[in-house]
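The primary structure of each chain is shown beneath.
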Amino acid sequence: MDTNPRILEDFKAYRLSKEFTSYEKAKFVILPVMYEGTVSYKKGTFYAPKKIMDAFLNLELYDEELGISAYKLGIYLEDPLIFDSKEKPEIVIEKTQQRVSKILTHGKLPVILGGEHSITIGCVKAMLKRYKNLSILILDAHADLRDEFMKSRYNHACTSARIRELSSEVVQVGVRSMSRKEGERLKKEKLDLYFAKDFLENKETVVKEILSKLQKDVYVSIDVDVFDSSILPAVGTPEPGGLDWYSVLFLLKELSKRKKIRGFDLVEFSPIAKFHAYDFMLAKLMYKFLGYISVFNYQTSI
């Protein structure tokens, strides 16, 4: 794989006119954050933003479900943040926070492509400074509630623990793997966490309950291992028993209908060389979510 990914150049050469890709006019700003410093199993998340954007360049940009083309609200691709794997996650988090804050200052909706899940901490820090009554919805196979892992409090396995220190308005969905200590914490503190099994058995009821626990403004972090490993095995730590494509879309659509989405990230994708179905799937997921936001948050019909 290319160790010096050309993302922005390829995007600028895309078939969309400047009318839909200029920063000034764009409603959505995509920020690639290329980092995999604390990944503990299968590596490769560094390359995920490039692979997702490569696939995006080959999507049909008309959404047959919604009857719109979300790109007409404007999509701008930022210069990527590129980090060496030896960089400390604290530095990555700080620099990610700075870039996301800048996007928010300009009134744009940030879409962050990781990279490992630890980058979400920086995203959430920026969002909380901008929106005081913000909820964070985390889709993830893993609880990520460890206080420390592999001698780091900012390991990707500690992401939800760090985010819960920043805000009490956190809901986790799709979990099906945790340590004993994490399980004990869950029982003791009665955290808002929904297991994948319970979600799949009664998703309409569970989604209503999830929505009732969220503030009007929501930031969404999608660790893509929330999907069942038979659908998306290309992740750092795959887990069986996860959510399917339409269940995730159902949640994101209902969320967009009833809440104001202020930003989201896609993290923990580990591409498989010469196998593009998973790249395409996540490019499609990103664009579907942008479609829901366009229709239900911005009432667009374009």
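Predicted, not measured: the structure shown is a model, and the values here were computed from it.

S.K.: Sorry, what's going on with the overall build of the protein here?
M.R.: Helix and strand counts for the protein stand at eleven helices and nine strands. Over its C-alpha trace the protein gives a radius of gyration of 18 Å, about what one expects of a compact globule, namely 19 Å for 302 residues. Relative to its full complement of 302 residues, the protein shows a buried share of 60%. At a minimum sequence separation of 6, the contacts of the protein that also span at least 24 residues come to 78%. Here the protein displays about 13,000 Å² of accessible surface, and carbon together with sulfur accounts for 49% of that area. Across the protein, the 47 positively charged side chains and the 42 negatively charged ones have centroids separated by 4 Å.

S.K.: What exactly am I supposed to notice about the pattern of salt bridges here?
M.R.: Oppositely charged side chains can pair when the atoms bearing their charge come close. Taken as a whole and judged by the stated rule, the model has 16 salt bridges. Between Lys288 and Asp63 there is a salt bridge; the shortest N-O distance is 3.1 Å. Separated by 225 residues along the polypeptide, Lys288 in helix 11 (residues 277–296) and Asp63 in the loop between helix 3 (48–56) and strand 2 (75–77) bring together distant segments of the chain. With respect to burial, Lys288 and Asp63 carry one shared label: buried.

S.K.: Just to check I follow, could you spell out the layout of surface pockets for this structure?
M.R.: Empty space among the atoms becomes visible once a probe the size of a water molecule is rolled across them. Computed from the structure, the largest pocket encloses a volume of approximately 230 Å³. Around the largest pocket, the lining is made up of 17 residues, and of these His142, Asp144, Arg146, Ala157 and Thr237 lie nearest the centre. Of the residues that constitute the lining of the largest pocket, the class distribution is four nonpolar, seven polar and six charged.

S.K.: Hey, could you run me through the environment of Arg153 in this one?
M.R.: Counting through the fold element by element, Arg153 comes out in the loop between strand 5 (134–139) and helix 6 (159–166). Along the backbone, Arg153 and Leu166 are 13 residues apart, and their C-alpha atoms lie at a distance of 14 Å. With residues near it in sequence (within four places) discarded, Arg153 still touches Asp147, Glu148, Cys158, Arg162 and Glu165. Separated by 3.2 Å, the side chains of Arg153 and Asp147 make a polar contact. Here the side chain of Arg153 touches Glu165 through a polar contact of 3.1 Å, side chain to side chain.

S.K.: What is the right way to look at helix 10 (residues 245–258) in this model?
M.R.: Three or four residues apart is the spacing at which side chains of an α-helix point the same way, because the helix has 3.6 residues per turn. When the terminal C-alpha atoms of helix 10 are compared, their 21 Å separation across 14 residues agrees well with the 20 Å that a helix rising 1.5 Å per residue should span. All of the buried residues in helix 10 are Trp245, Ser247, Val248, Leu249, Leu251, Leu252, Glu254, Leu255 and Ser256. The N-cap of helix 10, judged by a side-chain oxygen 3.1 Å from the amide nitrogen of Tyr246 a few residues on, is Asp244.

S.K.: Any chance you could explain empty space enclosed by the protein here in plain terms?
M.R.: Per the counting criterion, the structure on display carries one cavity of 30 Å³ or more. For the largest cavity, the calculated volume is near 50 Å³.

S.K.: Would you explain the packing of aromatic side chains in this entry?
M.R.: Geometrically, a pair of aromatic rings is defined through the distance of the ring centres and the angle of the planes. Applying the stated rule across the entire model yields nine aromatic pairs. Note on Tyr23 and Tyr76: the rings are 5.0 Å apart at their centroids and 85° apart in plane angle, and the pair reads as edge-to-face. Residue Tyr23 is found in the loop between helix 2 (18–21) and strand 1 (28–34), and its partner Tyr76 is found in strand 2; the two are separated by 53 residues along the sequence. The exposure class assigned to Tyr23 is buried, which follows from its relative accessible area of 17%. Ring plane angle 80° and centroid distance 6.0 Å describe the contact between Tyr35 and Phe83, whose orientation is recorded as edge-to-face. Here the residue Tyr35 occupies a position in the loop between strand 1 and helix 3, and Phe83 occupies one in the loop between strand 3 (81–82) and helix 4 (89–105), the gap between them amounting to 48 residues. No difference in accessibility class separates Tyr35 from Phe83, as the two residues are buried.

S.K.: What is the right way to look at the packing of helix 4 against helix 5 (residues 119–130) in this model?
M.R.: Helix-helix packing is characterised by the crossing angle of the two axes and by the distance between the axes. Contact geometry for helix 4 and helix 5: axes closest at 7 Å, N-to-C directions at 40°. As judged from the angle between their axes, helix 4 and helix 5 are oblique. Between helix 4 and helix 5 the crossing geometry is right-handed. Contacts from Val92, Ile93, Thr96, Gln97, Val100, Ser101, Leu104 and Thr105 of helix 4 reach helix 5 at Ile119, Ile121, Gly122, Cys123, Lys125, Ala126, Met127, Lys129 and Arg130. Here the residues of the contact of helix 4 with helix 5 sort into nine nonpolar, five polar and three charged.

S.K.: Looking at this structure, how should I read unusual backbone geometry?
M.R.: The phi angle of most residues is negative, glycine excepted, and most peptide bonds adopt the trans form. Across the junction of Gly114 and Gly115, the peptide omega takes the value 15°, indicating a cis bond. Position of Gly115 among the secondary structure elements: in the loop between strand 4 (109–113) and helix 5. One non-glycine residue, Lys190, lies in positive phi territory at about 55°. Turning to its location among the elements, Lys190 is positioned in the loop between helix 7 (180–189) and strand 7 (193–195). A positive phi angle, close to 65°, is found at Lys274, a residue other than glycine. Here Lys274 lies in the loop between strand 9 (260–267) and helix 11.

The rules behind the values
- Residues numbered from 1 in each chain as written.
- Predicted model: local features only at pLDDT ≥ 70, side-chain atom pairs only at ≥ 80, totals over all residues.
- Heavy atoms only, no water.
- Helix = DSSP H or I, 4+ residues; strand = E, 2+ residues; numbered from the N terminus.
- Rg over C-alpha atoms; globule rule 2.2 N^0.38 Å.
- Buried < 20%, exposed > 50% of the residue type's maximum accessible area, 1.4 Å probe, protein only.
- Contact = heavy atoms within 4.5 Å.
- Areas by Shrake-Rupley, 256 points an atom, 1.4 Å probe, with all protein chains shown as cover.
- Lys, Arg positive; Asp, Glu negative; His and termini not counted.
- Charge placed at Lys NZ, Arg CZ, Asp CG, Glu CD.
- Salt bridge = Lys/Arg side-chain N within 4 Å of Asp/Glu carboxyl O.
- 1 Å grid on protein atoms, 1.4 Å probe; cavity = no way out; pocket = protein on both sides within 12 Å on 5 of 7 lines; lining within 4 Å.
- Points joined across faces, edges and corners; volume = space filled by probe spheres on them.
- Nonpolar A, V, L, I, M, F, W, Y, C, P; charged D, E, K, R; others polar.
- Polar contact = N/O pair within 3.5 Å; in protein donor to acceptor, adjacent residues only side chain to side chain.
- Expected span 1.5 Å × (residues − 1).
- Phe/Tyr/Trp six-rings, centres within 6.5 Å; stacked < 30°, edge-to-face > 60°.
- Axes fitted to C-alpha atoms, helices over the stretch in contact; angles between N-to-C directions.
- Parallel < 35°, antiparallel > 145°, perpendicular 65-115°, else oblique.
- Left-handed = near helix turned anticlockwise from the far one by under 90°.

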